[in-house]
Amino acid sequence: MKCGQCQVIKPSKEFPDKSVSSKCEHATSWCLECLVSYLRETQHRCPICEVELTEQEVNNFCLFWDDANSGVFFVVLLNGKKITLKLSEITTVKALKYALKDATNIDIMKQKLIYNDMELNDFQDDSTNSTLENYGIHANSNIQLIIVPYSITQDQGWLTFDLYWGYPHSGQDFLDGTCLIYVGDKLWRKYDYKSTYYPDIPYIKHSGDVMDNTNANGCHKITIKLDALPNEVGQLYFILSSRRSPTIGHFRNPNFKLYDEANPDRRELCDYNIEQAKNSQAVIMCLINRLNNGRSLY
């Protein structure tokens, strides 16, 4: 089911099994997490029909949510998927990675876990197993899971992001390929259909909108010379978003590639199925993160 508030698809058990109030004449489309957050932060009214709830009805929802989430924490992927795990069953970082492998089939060697801007390591400096408690992870904590499928190095030359799409049935529209470049937690440069080129940075270019009205398709291309990036640059986010249509799924046959321009066989450096993002308006396609003196592709 898809929550009408957060727009995330969740299992039915994460939705109320009855109307918000006995006075409501409709089924609720909000998940429990959004509903309880709304009831606690606003007046005690149904978010859909605005009928007033009794104090007991509000308390019942809040108590049910608190009981269901006592001792659980969450691991979130870049595509928005959320995995719920129990602190009582998982105490070490290594155990967490094996649990995620069972849940997602992602090899533990390809997992990068981030919490409070810190990577979770398997071992402490004294070679003992790192625990979740070592990192301050507690009930309702959210850990970011980044998949590391490939490694690339600065000598791979020009990195190219190619995006193609067919117009939706409603007519001409645009899928936007955007690159956000960060130094620490500060945005250094943004490249999109408006910001295509900076004269002081000749080694990064965005094609802008390349539209073929005859064949009803469009293209965005971003090129970056990796070895020319300043040493302080830490992350490059490649983002796909719909400019006008409500979701990416409205476009025909969207296609995305990330590859090394100098490589003759142009082996793709990122594996992402756009079908996963069809119900979203925007999604992070991949992240290039600096690692020591090189770069790794996540």
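In the block above lies the structure referred to throughout.
What you see is a predicted model; the values in this text were computed from it and never measured. Sequence order as written defines the numbering, with residues in each chain counted from 1. Totals for whole chains, interfaces and linings use all residues, but because this is a predicted model, local features are given only for residues with pLDDT of at least 70 and pairs of side-chain atoms are given and counted only at 80 or more. Here the side-chain values reflect all heavy atoms present in the structure, with hydrogen atoms and water set aside.

Engineer: Account for the pattern of salt bridges, naming residues and giving values.
Structural biologist: By definition here, a salt bridge exists when the distance from a side-chain nitrogen of Lys or Arg to a carboxyl oxygen of Asp or Glu is within 4 Å. Applying the stated criterion to the full structure yields eight salt bridges. We note a salt bridge from Glu 33 to Lys 82, for which the minimum N-O separation is 3.8 Å. Taken together, the residues span a long stretch of sequence, with Glu 33 in helix α1 (residues 32-41) and Lys 82 in strand β2 (residues 82-86) at a distance of 49 residues. Accessible area is worked out with a 1.4 Å probe on protein chains only. A residue is then buried under 20% of its type maximum, exposed over 50%, and partly exposed in between. With a relative accessible area of 36%, Lys 82 lands in the partly exposed category. Taking the shortest distance from any N to any O, the salt bridge between Lys 112 and Glu 119 comes out at 2.8 Å. A relative accessible area of 34% means that Glu 119 is categorised as partly exposed. Secondary structure elements are taken from DSSP: a helix is a run of H or I of four residues or more, a strand is a run of E of two residues or more, and numbering for both begins at the N terminus.

Engineer: Quick rundown of the pairing of strand β8 (residues 175-183)? Include the residues and the values.
Structural biologist: For β8, a buried count of seven out of nine residues is recorded, marking the element as mostly surrounded by other parts of the structure. Note on pairing: DSSP must find at least two bridges between two strands before they are called paired. As defined by bridge partners, β8 adjoins strand β13 (residues 235-242) across eight bridges and the pair is classed as antiparallel. Across the sheet, residue Leu 180 finds its bridge partner in β13, namely Tyr 237. Where β8 hands over to strand β9 (residues 186-191), the hairpin turn is made up of two residues, of which Gly 184 adopts a positive phi near 65 degrees.

Engineer: Tell me about unusual backbone geometry, residues and numbers included.
Structural biologist: Located in the positive-phi region is Asn 105, a residue other than glycine, with phi close to 65 degrees. Mapping Asn 105 onto the fold places it in the loop between α3 (93-104) and β3 (111-115). Even without a glycine there, the phi angle at Ser 127 is positive, about 70 degrees. Within the secondary structure, Ser 127 is located in the loop between β4 (118-119) and β5 (142-147). Residue classification places Ser 127 among the exposed residues on the basis of a relative accessible area of 59%.

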